[in-house]
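Breakdown of the fold
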Amino acid sequence: MNIEPKNSAHSEKTVKITRSTVCEHFMNRQCLLKPITNCWFCKYACFKELKSGVPEVGVCKYPIKQTN
């Protein structure tokens, strides 16, 4: 599922994502598990931690990396 047309920058606007969203800007985080190519494992994804559990919705911060 593409969330933006190719060659567009996410920095121009906030792009809401879910843990299962996939786009052409995917870049793996460093982890011990075999990553799945979706936003949950992407360096550009920002999912805020919640007291109630794992967040379902986050924001794509492409081109700014959020994690290693």
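Notes on the structure in this doc start here. (Residues numbered from 1 in each chain as written. Predicted model: local features only at pLDDT ≥ 70, side-chain atom pairs only at ≥ 80, totals over all residues. Heavy atoms only, no water.)

1. With respect to empty space enclosed by the protein
How we decide: The definitions used throughout rest on a 1 Å grid laid over the protein atoms alone, on which a cavity is an enclosed set of points accommodating a 1.4 Å probe that cannot get out and a pocket is an open set flanked by protein within 12 Å on both sides along at least five of seven lines; lining residues are those having an atom within 4 Å of a point. Grid points are joined across faces, edges and corners, and a volume is the space filled by probe spheres set on the points. We call Asp, Glu, Lys and Arg charged. Ala, Val, Leu, Ile, Met, Phe, Trp, Tyr, Cys and Pro are nonpolar, and the rest, Gly among them, are polar.
Enumeration over the complete set of coordinates arrives at 1 cavity of 30 Å³ or more. If you add up the space inside the largest cavity, you get close to 40 Å³. Taken together, C23, H25, F26, C39, C42, Y44, A45 and C60 make up the full set of residues lining the largest cavity. Grouping the constituent residues of the lining of the largest cavity by class yields 7 nonpolar, 1 polar and no charged.

2. Looking at the pattern of salt bridges
Worth spelling out the cut-off: We count a salt bridge whenever a side-chain nitrogen from Lys or Arg sits within 4 Å of a carboxyl oxygen from Asp or Glu. Strands are runs of DSSP state E lasting at least 2 residues, helices are runs of H or I lasting at least 4, and numbering of each runs from the N terminus. Only protein chains enter the calculation, and the probe is 1.4 Å; a residue is then buried if its accessible area is under 20% of its type maximum, exposed if over 50%, and partly exposed in between.
This model, assessed by the stated rule, comprises 1 salt bridge. For R19, the salt bridge is made with E56, and the minimal N-O distance between the two is 2.6 Å. Remark: E56 occurs in the loop between β2 (45-46) and β3 (57-60) and R19 occurs in the loop between β1 (15-18) and β2; sequence separation between them is 37 residues. Judged by relative accessible area, which is 47%, E56 ranks as partly exposed.

3. Structural notes on the environment of I64
Residue placement: I64 occurs in the segment after β3. Taking the C-alpha atoms as reference points, I64 and K43, separated by 21 residues in sequence, lie 8.5 Å from one another.

4. Concerning the nonpolar core
The criterion, for reference: To form a nonpolar core, buried Ala, Val, Leu, Ile, Met, Phe, Trp, Tyr and Cys residues must be joined to one another through side-chain atoms within 4.5 Å. Here a residue-residue contact requires only that any non-hydrogen atoms of the pair lie within 4.5 Å.
Of all hydrophobic cores here, the largest spans 8 residues; its members are V15, I17, C39, C42, Y44, A45, F47 and C60. The contacts of F47, once residues within four sequence positions are left out, are I17, T18, R19, C39, W40, P55, E56, V57 and G58.

5. Some points on the sheet that holds β3
Basically, it comes down to this: At least two bridges found by DSSP between two strands are what make those strands a pair.
An order of β1-β3-β2 is seen for the 3 strands of this open sheet, with the pairing classed as antiparallel. Each of the sheet's edge strands pairs with one partner strand only, and the pair in question is β1 and β2. Note: β1 against β3, 4 bridges, orientation antiparallel. Bridge pairing in β3 places V15 opposite C60.

6. Points about the pairing of β3
One ladder, built from 2 bridges, connects β2 with β3; its direction is antiparallel. Bridge pairing in β3 links C46 to V59.

7. Points about the environment of N38
As for its position among the elements, N38 is in the loop between β1 and β2. For N38, a relative accessible area of 13% puts it in the buried group. Along the primary structure N38 and I17 are separated by 21 residues, whereas in three dimensions their C-alpha atoms are 9.9 Å apart. Here N38 is in contact with R19, S20, T21, V22 and F26, once residues within four sequence places are set aside.

Keep in mind that these numbers describe shape and distance, not what the molecule does.
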